[in-house]
Amino acid sequence: MIANHKKLSALIITLNEEDRIEKLIANLNFADEIVIIDSYSTDNTVAIIKKHPQVKLIQHRFENFSKQRNFALKQVQNDWVLFIDADEIIPESLKLEILNKLKNPNDCVAFKIFRQFYFKDKPLNYSGWQTDKVYRVFNRKNVFFEPTKFVHETLNVNGASETLKEKLIHFSYNNYSEYKDKMKHYASLRAQELHAKKLKPNFFHFHIKPLYRFINHYIIRLGFLDGKNGYIICKLNAYGVKQRYVALKKLNS
């Protein structure tokens, strides 16, 4: 596609992604290496991956996102890494921008990418996500994932970074129950973080914080402009906030 760029390893962590993984592997045809760290999927994810001999598959028990990602960083051959989630897709324009940057990254050791969110195959342009950007391309020698963050993991970057112009496509979730289950899983991991900090939840955590999340995303950050899907997403995000404190209360009991 573009010659003389620094070699790039694509990294994915998976758990039961049989509906997405085939498309993602095909989408990563511009990477020099594809490595998938699977958390012992119980569906057909592993069988699908094994149909692709160019993909390196490693199964590793999942504890939390930061541990899994830090483990994954040690499994690749190249210094430059594209870390992508199974529900994300890279448009051709973004592929070209990434490869162009890797021809001569200058002083940059990491690149952030804006994400275009989709819910039920429809774009979400607001709902708190209009400014969302994440580190997806970086030199693994200069980064690590903060081990105290079990979910919504933070990448620590030792060096200069830059934000790319093109957007990554993020297919949030296909339906209400799938998103709700994901929010409960994230809440459980976040509760473990807060439990380690010895936080004792109270009325403020159970009622005010979820309400603020909904008002902030649906009204202040214009979620109502995303129509019915915007309302659903904002409501479920507020639900996720409350569930973290419900889970924390159980841990504290």
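Residues numbered from 1 in each chain as written. Predicted model: local features only at pLDDT ≥ 70, side-chain atom pairs only at ≥ 80, totals over all residues. Heavy atoms only, no water.

## So, the packing of aromatic side chains
- Taken as a whole, this structure holds twelve aromatic pairs when the rule is applied.
- A ring pair is formed by F119 and Y179, whose centres lie 6.2 Å apart and whose planes are at 80 degrees; its orientation type is edge-to-face. Of the two residues, F119 sits in strand β6 (residues 108-119) while Y179 sits in helix α5 (residues 176-196), which places them 60 residues apart along the sequence.
- By relative accessible area, which is 0% here, F119 ends up buried.
- Seen from their ring centres, Y218 and Y231 are 5.8 Å apart, and the 80 degrees between their planes marks the pair as edge-to-face. One end of the pair, Y218, is in helix α6 (residues 203-220); the other, Y231, is in helix α7 (residues 227-252), with 13 residues separating them in the sequence.
- A network of ring pairs unites the aromatic residues F214, Y218, F224 and Y231 as a single cluster.
- The residue whose ring lies beneath R69 is F83, and the NZ or CZ to ring-centre distance is 4.6 Å.
- In this structure, K180 packs its charged tip against the face of Y239, placed 5.1 Å from the ring centre. (Phe/Tyr/Trp six-rings, centres within 6.5 Å; stacked < 30°, edge-to-face > 60°. Helix = DSSP H or I, 4+ residues; strand = E, 2+ residues; numbered from the N terminus. Buried < 20%, exposed > 50% of the residue type's maximum accessible area, 1.4 Å probe, protein only. Lys NZ or Arg CZ within 6 Å of the ring centre and 35° of its normal.)

## Re α5
- Across its 21 residues, α5 extends 31 Å between first and last C-alpha, which sits within 8% of the 30 Å expected from 1.5 Å per residue.
- Taken together, the buried positions of α5 are Y179, M183, Y186, A187, L189, R190, A191, E193 and L194.
- The elements touched by buried residues of α5 are α3 (65-73), β6, β12 (168-173) and α7.
- Downstream of α5 by one or two residues, K198 has phi in the positive range, about 65 degrees. (Expected span 1.5 Å × (residues − 1). Contact = heavy atoms within 4.5 Å.)

## Here we look at α3
- Buried residues of α3: F65, S66, Q68, R69, A72 and L73, and no others. Along the axis of α3, the buried positions cluster into a sector of 165 degrees, meaning they face one direction only.
- Those residues of α3 that are buried lie in contact with β1 (8-14), β2 (33-38), β4 (80-83), β8 (133-139), β9 (143-145) and α5.
- Measuring from the backbone nitrogen of S66 back to the side-chain oxygen at the start of α3 gives 3.1 Å, which picks out N64 as the cap. (Arc of directions from axis to C-beta. Polar contact = N/O pair within 3.5 Å; in protein donor to acceptor, adjacent residues only side chain to side chain.)

## Considerations on the environment of I113
- Tracing the backbone through its elements, the reader meets I113 in strand β6.
- Sequence separation between I113 and T14 is 99 residues; the distance between their C-alpha atoms is 21 Å.
- Dropping the residues within four chain positions of it, I113 is found in contact with L94, I98, D132, K133, V134, R136, V137, L164, E166, K167 and L168.

Any functional reading would require information beyond the geometric quantities listed.
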